[in-house]
Every structure is written in C-alpha cells, then in structure tokens.
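Summary of the model geometry
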Amino acid sequence: MKTVIFSVLMLGSNFSFAETILCEGITNDVNASENVKFELQIKKDDKNPIFKDLGSFYKSTIKYYYTSGRVFQGADISSEVSTRPNAIVFKGSVPGQRNLKLSFKADGSIDMAVMTYDSKISAQALQCQVVGSLPARPVCGQPSESSALLLQAIRNSDINGIETAIECGANVNLADVNGCTPVMVALEPMCGQKNSLPFKSATGKIVAVVDTLTSNGAFVAVADKNGETPLMKAAKMGVTDVYETFTALEADFDAQDNLGYSALMFAVLNGDAWIVEQILEGNPNRSLKNKDGKTAFELATHLKKDTVADLVRIADLEVVVEGLENGSCTPLLINLSEGQVVDLTLVATDRMFKLDSAVLGLDLMADRKSKTKRTFAVNAKGEFKFTCGFHGGNQPSEGVIVVK
C-alpha cells in the first residue's frame, strides 16, 4: 500500500459549514490490477428538496485516474454529516457508500482524514483541502449528562448520539436501580417496569443500536433484578436479527431468569417461529425446565402453537456427520425411523463444510474447525439423498438417509 502524507488546509472562516472538501489518495484494493489515484469532492447541498428538512447534506463525486490515462468518475451520492466530539463523518446514504472521516487531536486540530469505500479504499489516509468552516462538533458536559444523553439517544435509535455520548464518557454498562443496562433499554425501553409489551416488529434500528453498544464494550453476560439477560429481553420483546450478535459475543443461550424462563422459552411464548429459529442457531438446551417444570416444547404444546412446537421438540436421536480432510464426509448412510426427532450435527475440518438435502429441507454449513446443528422431525418413510463436502467444492460426497 502506498502511504499518503496527510495535510489539511483551512481557507476562510465565514461559512458555518464547509462548502467544499477536496481529498486525494491512492486506492489499496488488493484485488485490483493496480492501485489507482483518486480524487474525492464533497460539496454542501442545502438545496436538495429530499433532504432539506433533515439538516446539512452533501453531494460527493469521486474520480479514479489509471496509469493508462483512463479516468473513471463514480456516480454522485448524497452524504449526511455526523458530528461527534472527536470526529466528523460524511457518511454516504446509499449502497456502495463512501465515507470520509475527519478525526481531531486533543487541541482541536484535525489529526487525520480517512476514506472508506467498499474494498477499493479501506482506512486510507488522504490529503485534503477544506474550504469554509467545518460543522461544529458537540462539547461534552458532565458524566451524568453523558449517561442521560446515551439513554435518550438509545430510545431515539440515534446512532450518532450514542457514539457522541460514549465519546463523552458515558458508561455503556451502567445499571439503574432495576439492574437495567443501556443495551437492555435498547431491547426493552420499559426495562424494570411491569407494562413492557413485545414490539412484534423487526427493526433494523434496534439491531444497529445493539451492535453499536456491544462494539463499544457493552456486556451481554449480565442480568437485571428479574434475572433477565439482554438475550432474554430480545426474545421476550420480539426483536429479530440480533441473535447472530449474541452468538458472536458468546452469550449464554441456556441462562434462565428468576422464574426459570430461558430465551427460547420467551420466544415460544411470543409464538414467533422466525425468532425461535434464530435462537436455535445458538444451540440452546431444549430440555431446560422453568420453575413450573415445563420445557419450551411443553409451553408451546400447552399454548397450542404447533408451528413453534415442531421447532423446539426434544431430539430422540443425535447424528454426527464429520467432514474429512479429502473433502468427503462420514457416515454417508444414515438410518432413521419415521416419527423420530433428530439432532443432525455437521463437523468441519480446517475448511468449511456444507451438507444439503433439499427433500428434507436440510441446509447446514459449518465454519472451519467448528460445527453446526439442525433439529428436524422425520415425517415420511423412504430414501432421501444428501450431499456433503467442502463449501464451494465441485465434487461433494453423495449420501442417503433411509427412513423406515
């Protein structure tokens, strides 16, 4: 990667916002045939009718200069400015966005400009000229004010406000008298109160808030006064698409609250099959019982939630299919009985493995040096083919599942 010396030139001071930002750099795309010089221009765009009521927006254009003399100009995108105490980010608002981040030293002077744009430009230091004054950055108040700002930003799903509060010293793990931490409030706004109701909706904003908090050190291995963890609250409140984050953070999918309810049980109570399936990816113990002695399956049966009940049945049999170094799998003959509920585990080597059986609805993929599991009910007799081998391999092993 070619190093680019960074410099900033401030011209004039009679604008409340920068009129134009011009930056130069060198792409560092490892897949490209050459690293290419580029120029980025961001201009203030107050007249855009789409964004006029949403604050100051900018239009950006990028040009690539190849050694062959060919010049490629990227399309304009709209870019929103986000200001934080230690940085100003011009963030693209459409797919394929390019972001420019200006960070600052303790004395308030600009320390570095970094450009990102997919794989073409990643954490690339730039030479920039700024014409006009940059947007004013917020000034941090007292620590208590930062904590209040954090909670307010969480309830508004304001990512910029969350990052600002954290930069100003807000403690992402500060619990209130009910043991509710900021990440719990993100998942259950009425945390600690009796009138919390499920969202019954999947909002990308909640996912973004949780990811922002956890990436800044928010703990997930904590519980409030009721013994509920953030994972349980997500399931209780009907929040979708956050469970990969909990899996990556090694959250305890078998934790139980003061009444013995687990995240899987909360998902069953809501009756949302999609959430149940997402939690099952975390491989929870289906045999856990609450203080009333009921498993997740028994709760689903009692509530007559048949679709969910089928997902949380306790397995009668465990079958393990192991990937081999040569790309084949063993065993390739699996004998089952009609009516059984089976835990099927796929174990990978130092390469990813994939097992598929379209007829049985099986689609398993195990990351390198790990394993994955699916639970399914065998509802019909017959011989069902499956394939198993390296993910992306051309010649997977062919096996058969015989159901008698």
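Look a little higher up for the structure.
For the structure given in this document, a descriptive report is provided here. (Residues numbered from 1 in each chain as written. Predicted model: local features only at pLDDT ≥ 70, side-chain atom pairs only at ≥ 80, totals over all residues. Heavy atoms only, no water.)

Overall, the coordinates contain three disulfides when judged by the stated rule. Across a sulfur-sulfur distance of 2.0 Å, Cys140 and Cys168 are joined as a disulfide pair. Measuring handedness by torsion sign, the sulfur bridge of Cys140 and Cys168 sits at about -80° and is left-handed. Note that Cys140 is positioned in the loop between strand E11 (127-131) and helix H1 (143-155) and Cys168 in the loop between helix H2 (159-167) and helix H3 (182-187), a separation of 28 residues in sequence. With relative accessibility at 33%, the residue Cys140 sits in the partly exposed group. Here Cys329 pairs with Cys388 through a disulfide, and the sulfurs are 2.0 Å apart. The sign of the -75° torsion about the S-S bond sets the Cys329-Cys388 disulfide as left-handed. Of this pair, Cys329 sits in strand E13 (residues 329-330) while Cys388 is found in strand E19 (residues 382-390), placing the two residues 59 residues apart along the sequence. On the basis of relative accessibility, which here comes to 4%, the residue Cys329 falls in the buried class. We classify Cys388 as buried; its relative accessible area is 0%. (Disulfide = S-S within 2.5 Å. Helix = DSSP H or I, 4+ residues; strand = E, 2+ residues; numbered from the N terminus. Buried < 20%, exposed > 50% of the residue type's maximum accessible area, 1.4 Å probe, protein only.)

Regarding helix H8 (residues 273-280), the residues found buried are Ile275, Val276, Gln278, Ile279 and Leu280. Looking at the packing, one finds that the buried side of H8 touches helix H5 (230-236), helix H6 (243-248), helix H7 (263-270) and helix H10 (306-311). You can read the cap of H8 off the contacts: a side-chain oxygen lies 3.0 Å from the backbone nitrogen of Trp274, and it is on Asp272. (Contact = heavy atoms within 4.5 Å. Polar contact = N/O pair within 3.5 Å; in protein donor to acceptor, adjacent residues only side chain to side chain.)

Attention now goes to the sheet that holds E19. The strand order across the open sheet built from five strands is E14-E20-E19-E16-E17, with neighbouring strands paired in mixed fashion. In this open sheet, the two edge strands, each paired with only one partner strand, are strand E14 (333-336) and strand E17 (362-366). Neighbour to neighbour, the strand axes of the sheet diverge by 15° on average, direction disregarded. Judged from the five bridges that link them, strand E16 (residues 353-357) and E17 form a sheet pairing that is antiparallel. If you follow Ser357 over to E17, its bridge partner there is Leu362. (Pairing = 2+ DSSP bridges. Axes fitted to C-alpha atoms, helices over the stretch in contact; angles between N-to-C directions.)

With that settled, the discussion passes to the pattern of salt bridges. Inspection of the entire model under this criterion finds 12 salt bridges. We note a salt bridge from Glu281 to Arg374, for which the minimum N-O separation is 3.5 Å. You can see Glu281 sitting in the loop between H8 and helix H9 (296-302) and its partner Arg374 sitting in strand E18 (residues 371-377), a full 93 residues away along the chain. Among the residues examined, Arg374 registers a relative accessible area of 25% and is labelled partly exposed. Residue Asp310 is joined to Arg313 by a salt bridge in which the shortest nitrogen-to-oxygen separation is 3.0 Å. Taken together, the shared-partner salt bridges connect Glu188, Asp224, Glu228, Lys233 and Lys236 into one network. (Salt bridge = Lys/Arg side-chain N within 4 Å of Asp/Glu carboxyl O.)

With seven bridges connecting them, strand E2 (residues 20-26) and strand E3 (residues 37-44) associate as antiparallel partners. For Thr20, the partnering residue across the bridge sits in E3 and is Lys43. Pairing of E3 with strand E4 (residues 57-65), which is carried by eight bridges, proceeds in the antiparallel orientation. Each residue of the ladder has a partner; that of Lys44, found in E4, is Tyr58.

Our focus in this paragraph is the packing of H1 against H2. Where H1 contacts H2, the axes come no closer than 8 Å and their chain directions differ by 165°. As judged from the angle between their axes, H1 and H2 are roughly antiparallel. Relative to H2, H1 is oriented so that their crossing is left-handed. Within the contact between the two elements, H1 uses Ser146, Leu149, Leu150, Ala153 and Ile154 and H2 uses Gly161, Ile162, Thr164, Ala165 and Ile166. Among the residues making up the contact of H1 with H2, the classes are represented as seven nonpolar, three polar and no charged. (Parallel < 35°, antiparallel > 145°, perpendicular 65-115°, else oblique. Left-handed = near helix turned anticlockwise from the far one by under 90°. Nonpolar A, V, L, I, M, F, W, Y, C, P; charged D, E, K, R; others polar.)

Our focus in this paragraph is H1. Given a rise of 1.5 Å per residue, 13 residues ought to cover 18 Å, and the 19 Å separating the end C-alpha atoms of H1 matches this to within 8%. If you check which residues of H1 are buried, you get Ser146, Ser147, Leu150, Ala153 and Ile154. Along the axis of H1, the buried residues cluster in a sector spanning 130°; they form a single face. Positive backbone phi, approximately 55°, marks Ser157, located one or two places after H1. (Expected span 1.5 Å × (residues − 1). Arc of directions from axis to C-beta.)

Across the chain, the bulk of peptide bonds are trans and the bulk of non-glycine residues have phi less than zero. The linkage connecting Thr330 with the following residue, Pro331, adopts the cis geometry, with an omega of 0°. With a phi angle near 70°, Asp241 is a residue other than glycine that sits in the positive phi range. Looking at where Asp241 falls in the secondary structure, it is placed in the loop between H5 and H6. The backbone phi angle of Glu250 is positive, close to 60°, even though this residue is not glycine. Position of Glu250 among the secondary structure elements: in the loop between H6 and H7. When its relative accessible area of 72% is taken as the criterion, Glu250 is described as exposed.

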